[in-house]
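# Notes for the structure review
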Amino acid sequence: MPVSVLVEWDGIDEEEMLPILKERYPQDAANYALVLEGGGNDLNMEQVQSIIAHKREIYQELYLLQNKEKAEEFCDESQISASAVSYISSFSPITGMELNKTQLTQLEKRNDVLAIEWNYPIEMKDQLSYMTKVSRSEYIRTNFGNRGDGVGIGQIENNVPDTSHTTELTGVNISRNSSATGIHASRVAAIMVGRNNGAAPGAKLYSASFAYSSSDQPRVIGKALKEIEWLLSRTGPSVSVINMSSDAQAPDLPEGWALSPGGYTLFAKWIDHIAMQHDVHFVVSAGNASQNAGSKVASSGMAYNAVTVGAYQVNRAMPYETTTSTFWEPGLSTEGSGYNENAGLAEKPDLVAPGVGYTVDGISGSASGTSFAAPMVSGIMAQLISCKPALALQQRALKAILLASAWCKLDSPSFVPLPGTQQMDDKQGAGKVDAKNARYTIVNNYYMQALINAGNFPYTHSFYVSSSASSARVALVWSKRNTISGSHVVSGSTAPIINDPPLSDLDLEVFNPNGTSVGYSRMRNGNVEIVQFKPTVSGTYTIRVSRHSGTNAQDSFALAWW
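Predicted, not measured: the structure shown is a model, and the values here were computed from it.

Here we take up the packing of aromatic side chains. All chains considered together, the criterion is met by 11 aromatic pairs. A ring pair is formed by Tyr264 and Tyr304, whose centres lie 5.1 Å apart and whose planes are at 90°; its orientation type is edge-to-face. Here the residue Tyr264 occupies a position in the loop between strand S10 (246-249) and helix H8 (266-277), and Tyr304 occupies one in the loop between strand S11 (281-285) and strand S12 (307-312), the gap between them amounting to 40 residues. Looking at Tyr264, the relative accessible area reads 14%, which means it is buried. Take Tyr304: its relative accessible area is 6%, and that puts it in the buried class. An aromatic cluster of three or more residues is present, and its members are Tyr440, Tyr446, Phe463, Phe533, Tyr541, Trp561 and Trp562.

So this is what it looks like as structure tokens:
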């Protein structure tokens, strides 16, 4: 009996794409080269959107051609019908196939097959427990006109929004690929692009549903990837931010195959690759404790290159254990914001946003949870990109800006350093997102992004700090550089999900004008380091980024300070 599988072939890297970009679109190629070298901050929205659209256009052509050729070649040599091919990706080297045991054995022997994965059914779980409200995004929208104009936001979850659910969505620019509407999706959309209270009412929203039914099985994983790729293929404007307020769960599967919370799964690895290659910012809700056993972070939220968002109650941290139920509304004491992950993986969440008791005009009652904290961050990111369009191409920089400008402690009205030198809290990450602080960081150019050869570390950068500041913070963010390239021989039933090279280990230290260290961060897990300190002297401080370990020839990282 045929089995539905996803096949990952050798991937296409930037070296294959760039010559075509240079030939077809020389100005885009020149502008993109500036960004890769740490420049390009003067690019306008039209120039940035042109780069993104044309890069994706070329990758689509290359992937479609490669995937089709490889699938046809295998069908010919195995003497099977072309109808065995159920899905051909246009954004990554993935092909869905229906194969029997003998054909699978033949496929495993090919050197150009990186991995073979079950195309198993998944269960989508809306993370609806507690709601969000604006974190000073209204301030920069009203006072500075940062409304997300010209920015595309992608929304993917169980359903799509219905503009009839709330007046917040009346007349809002939304493109949908499904008629399966839901209140949850409408609330999420209103937080991002609601015309009265949304963070980025000027943005274009593209909404995709990857809810499944019995007729979808067993190709649901392929459907999920396909819907995200639908978002990536949108133009006018292209999608720069993708909000995921639902997670993919696969029940009753063996460890290592299932999309289990807290683990670095196929989906998370795929997100890391897509985020880098296609210049898109993924924002993922951390998940709710009642849904993810042991308060685990949602599986997609474990992607290193995503911004994973936890939820909190205004002026107080969300409870992370059921014993702190006094923080919660009656009847909801078993809920909480996900924060646990498996040892040795990324420290998640990255930050938190308000997530309790948000109401939307026209929708009865209130709702709460990480589902509604994430879209506030997505909306803020769209606002910041409309403020500085080059940030659409500067994934590390935008994440570093959000982390550097976040309020450090949920119970403090000011920046107060956490004990010790490590400033990423297990439960709240860098702290509370703050749109006003983030915009201040951007307009004052308190950030930079660089691509540095391995032999050029340590890297140093200077910035000015006044002793009158109550506190100062520096954030370092670097990339998880997953690829889908090279060859691999599958051994038995064990196969890697994706080419997953070791994450480089970068360290951060800050020195005052006298050369004295004022703080350091040397985490062994994750791709974020934060140093926070109380300046005692005014003058030029020095940031030093060291490379403790790594296999990449180059590392792309960003620094931001506040």
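The 7 strands are arranged S7-S8-S6-S9-S11-S12-S13 in an open sheet whose pairing can be described as parallel. This sheet does not close on itself; its edge strands, each paired only once, are strand S7 (174-176) and strand S13 (351-354). Each strand axis lies, on average, 25° off the axis of its neighbour in the sheet, ignoring direction. In the packing of helix H6 (residues 183-193) onto the sheet, contacts are made with strand S6 (152-157), strand S8 (204-209) and strand S9 (239-244), and the angle to S6 comes to roughly 160°.

Moving on, we get to the layout of surface pockets. Put simply, the largest pocket is a space of about 810 Å³. Around the largest pocket sit 31 residues that line it, and Asp13, Glu14, Met276, Arg481 and Gln554 are the ones nearest its centre. Those elements that place two or more of their residues in the lining of the largest pocket are helix H1 (14-24), helix H2 (26-36), helix H3 (45-78), H8, strand S14 (447-453) and strand S21 (554-561). Here the lining of the largest pocket is built from residues that sort into 12 nonpolar, 11 polar and 8 charged. Taken as a whole, the second largest pocket spans an internal volume of roughly 300 Å³. Taken together, 15 residues form the lining of the second largest pocket, with Tyr446, Tyr464, Val465, Ala469 and Trp562 sitting closest to its centre. Sorting the residues of the lining of the second largest pocket by element identifies strand S15 (459-465) and strand S16 (472-478) as the ones contributing at least two each. When the residues that make up the lining of the second largest pocket are grouped by side-chain class, the tally is 11 nonpolar, 3 polar and 1 charged.

So, on to the packing of H6 against helix H9 (residues 370-387). What describes two packed helices is the angle between their axes and the distance between those same axes. Where H6 meets H9, the closest approach of the two axes is 8 Å, and the angle between their N-to-C directions is 30°. Regarding H6 and H9, the two cross each other, and that crossing is right-handed. Across from His184, Arg187, Val188, Ile191 and Met192 in H6, the residues of H9 making contact are Ser371, Phe372, Pro375, Met376, Ser378 and Gly379. Here the residues of the contact of H6 with H9 are counted per class, giving 6 nonpolar, 4 polar and 1 charged.

All right, on to unusual backbone geometry then. Negative phi is the rule for most residues except glycine; trans is the rule for most peptide bonds. Of the consecutive residues Gly236 and Pro237, the connecting peptide bond is found in the cis state with omega at 0°. Here the phi dihedral of Gln79 falls at roughly 55°; this positive angle occurs in a residue that is not glycine. Here Gln79 is to be found in the loop between H3 and strand S2 (85-88). At Asn445, a residue that is not glycine, the phi angle is positive and equals roughly 55°. Accessibility expressed as a relative area gives 43% for Asn445, which makes it partly exposed.

About the thresholds
- Along each chain, numbering runs from 1 in the same order as the chain's sequence is written.
- Local features in this predicted model are restricted to residues of pLDDT 70 or higher, and side-chain atom pairs are both shown and tallied only at a pLDDT of 80 or more, whereas totals for entire chains, interfaces and linings draw on every residue.
- In computing side-chain values, all of the structure's heavy atoms are included and hydrogens and water are not.
- When the centres of two rings from Phe, Tyr and Trp lie within 6.5 Å, Trp using its six-membered ring, the rings pair. Their planes under 30 degrees apart give stacked, over 60 give edge-to-face, and anything left gives tilted.
- Under the scheme used here, helices are H or I runs from DSSP no shorter than 4 residues and strands are E runs no shorter than 2 residues, and both carry numbers assigned from the N terminus.
- We call a residue buried when its accessible area falls under 20% of the maximum for its residue type, exposed when it is over 50%, and partly exposed in between, using a 1.4 Å probe and counting protein chains only.
- Here, strands pair whenever DSSP counts at least two bridges between them.
- Angles run from 0 to 180 degrees between N-to-C directions of axes, and those axes are lines fitted to C-alpha atoms, restricted for helices to the stretch in contact.
- Any two residues whose heavy atoms approach within 4.5 Å are treated as being in contact.
- Space inside and on the surface of the protein is sampled on a 1 Å grid over the protein atoms alone, with a cavity defined as a set of points where a 1.4 Å probe fits but cannot get out and a pocket as an open set with protein on both sides within 12 Å along at least 5 of 7 lines; lining residues have an atom within 4 Å of a point.
- Grid points are joined across faces, edges and corners, and a volume is the space filled by probe spheres set on the points.
- Just so you know the grouping, Ala, Val, Leu, Ile, Met, Phe, Trp, Tyr, Cys and Pro go in nonpolar, Asp, Glu, Lys and Arg go in charged, and all remaining residues, Gly too, go in polar.
- By convention the crossing between two helices is left-handed if the near helix lies anticlockwise of the far one by an angle smaller than a right angle, and right-handed if it lies clockwise.

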